[in-house]
Amino acid sequence: PSNPVDDLLNFGAASNAANSPEVASSGDLGLFDDLLGAPASTSQAQSASSGALNQSSQMAPQSGGGLLDDLFGGALGGDNSGINQSQNQNQNQNNANVGGDIFGSLGGSNAQANNSGNLLGGNRGFAALKSQLSAQVLAFPRSHDLDQMLFENSQLSISYFKIFKQQKSTLCAFISNLSGAAMSNIQVAIKGDGATQLQFGFDVSSSIPKPQLRNAHTAVINSLPSGSTACQMITFGLNNFTQIQIPCNMALSIGTETVNIGLQISDLLRPTMIGTNDFGLNWSKLGNGSFAVTVNTANAATNHYIERLTKKLHLHHIQTIQMETIAAGNLSSITNASMILPILVHCKTVQSQSYSVIIRTPNVSVSKMIGTELQQLLQS
């Protein structure tokens, strides 16, 4: 008799005894068929084969609780008996992950890189303040390694990057005085373009220098000496994830100059530290919010996909078996910690040919936004 390789779910003998599927003689079968709820039939049963199982560096815990059951108090049905077990098994991973998780502590511009040119004999932008900001910036993922130049003339330069803390994202706006005289009463203002309901707030204690607040969207820097640089930290996030439309812009005004900073859905996403079983229990529950996309590219490779998924889209890579990968994340409100939208992603890579991706959330519009950005990332 053959010795079938365990699939990623490792459902074991109980599942085999209950279903007793016939072995398919041919066909391109997904290794996640049990997970995705595919019917057991002659043409769709899992094939017994031999080979090596490739897993992620973080082993997926075997848990029984459902992602949506835990989030919404069982309103969507399913077995809640394993929730506490699932939480305990994931806790160590949660504590080590910058992005946090939803089971535990709930609580497009045309910019160019600023290469730190001379500013009256010194540096400008992030380079001028790197030693003072390293603790607040370097500990977190950020949108760019170098701050991106938004505006520059003989008097002023404006650059930025975004950093992604556990629940809030932060816009770091760098303002360099290129003139030969001090600037005073510099007004800094931020607003959305109306397409997405964003919540803004100045992080006064982290900003250099500390500004004087006028309101939630406006602050004033009393003085900026000639040849010096300021950094204003502005947090941003969603009030309500049902009111989101991508693409959209954040309009940043420094004095009389206004620049637009593109907002991407990835700026608002965070990883969710769940295991394979939690993914499987909830995949079918999110079927109504499903969006599928196929990305054809000669550079298709599983490692490249995982790098884009985790570093750029900020999702948690749960596990990979052969050429299939599953991941999870969430989109949450920064004003209401109980408002959390779960995200599940499955991808099958055909080496050097394509990625077949399915994104599922409770909101098909959000699923499409995530899929559209992921498509762009995989093609770049």
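Right above here is the structure, for reference.
Residues numbered from 1 in each chain as written. Predicted model: local features only at pLDDT ≥ 70, side-chain atom pairs only at ≥ 80, totals over all residues. Heavy atoms only, no water.

Student: When you look at the packing of helix α6 (residues 302-312) against helix α7 (residues 364-379) in this model, what are you seeing that I'm missing?
Tutor: To describe two helices that pack against each other, one gives the angle between their axes and the distance between the axes. Where α6 contacts α7, the axes come no closer than 10 Å and their chain directions differ by 130°. Taken together, the axes of α6 and α7 are oblique relative to one another. Once α6 is placed against α7, the crossing between them reads as right-handed. Between α6, through His304, Tyr305, Arg308 and Lys312, and α7, the contact on the second element is made entirely by Leu374, Leu377 and Leu378. For the contact of α6 with α7, a count of residues per class yields four nonpolar, one polar and two charged. (Axes fitted to C-alpha atoms, helices over the stretch in contact; angles between N-to-C directions. Helix = DSSP H or I, 4+ residues; strand = E, 2+ residues; numbered from the N terminus. Parallel < 35°, antiparallel > 145°, perpendicular 65-115°, else oblique. Left-handed = near helix turned anticlockwise from the far one by under 90°. Contact = heavy atoms within 4.5 Å. Nonpolar A, V, L, I, M, F, W, Y, C, P; charged D, E, K, R; others polar.)

Student: What's the story with the pairing of strand β7 (residues 212-215) in this structure? I'm lost.
Tutor: Regular strands place their side chains on alternate faces of the sheet. Note: β7 against strand β8 (residues 218-224), three bridges, orientation antiparallel. Across the sheet, the residue bridging to asparagine 215 is threonine 218, located in β8. Counting the residues between successive antiparallel strands, the hairpin from β7 to β8 contains two residues. (Pairing = 2+ DSSP bridges.)

Student: Explain the packing of aromatic side chains here, please?
Tutor: When we look at a pair of aromatic rings, we describe it by the centre distance and by the angle of the planes. Within this structure, the stated rule accounts for five aromatic pairs. Measuring from ring centre to ring centre gives 5.3 Å for phenylalanine 161 and phenylalanine 174, while their planes differ by 70°; the resulting arrangement is edge-to-face. Of the two residues, phenylalanine 161 is situated in strand β3 (residues 156-164) and phenylalanine 174 in strand β4 (residues 169-177); the sequence distance between them amounts to 13 residues. Both residues of the pair, phenylalanine 161 and phenylalanine 174, belong to the buried class. One aromatic cluster is present, built from ring pairs that chain together Phe126, Phe161 and Phe174. Positioned over the ring face of phenylalanine 161 is arginine 142, at 5.7 Å from the centre of the ring. (Phe/Tyr/Trp six-rings, centres within 6.5 Å; stacked < 30°, edge-to-face > 60°. Buried < 20%, exposed > 50% of the residue type's maximum accessible area, 1.4 Å probe, protein only. Lys NZ or Arg CZ within 6 Å of the ring centre and 35° of its normal.)

Student: Whenever I open this one, the sheet that holds β7 confuses me. Can you help?
Tutor: Strand pairing in a sheet takes place through backbone hydrogen bonds and is either antiparallel or parallel in direction. Within the open sheet, the five strands sit side by side as β7-β8-β5-β10-β11. Their pairing is antiparallel. Both edges of this open sheet fall to β7 and β11 (257-263), since each of them pairs with a single strand only. Sheet twist, expressed as the average angle between the axes of neighbouring strands with direction ignored, equals 25°. The sheet contact formed by strand β5 (residues 183-192) and strand β10 (residues 248-254) spans five bridges and is antiparallel. Directly across from valine 188, in β10, lies its bridge partner isoleucine 254.

Student: Teacher, can you tell me more about the pairing of β4 here?
Tutor: When you tally the buried positions in β4, you get nine out of nine residues, the bulk of the element. Direction of pairing for β3 relative to β4: antiparallel, over a ladder of nine bridges. From the neighbouring strand, isoleucine 158 faces β4, where its bridge partner is isoleucine 175. Between β3 and β4, which pair antiparallel in sequence order, lie four residues. By the bridge criterion, eight bridges tie β4 to strand β9 (residues 229-238) in an arrangement that is antiparallel. Bridged to alanine 173 within β9 is glutamine 232.

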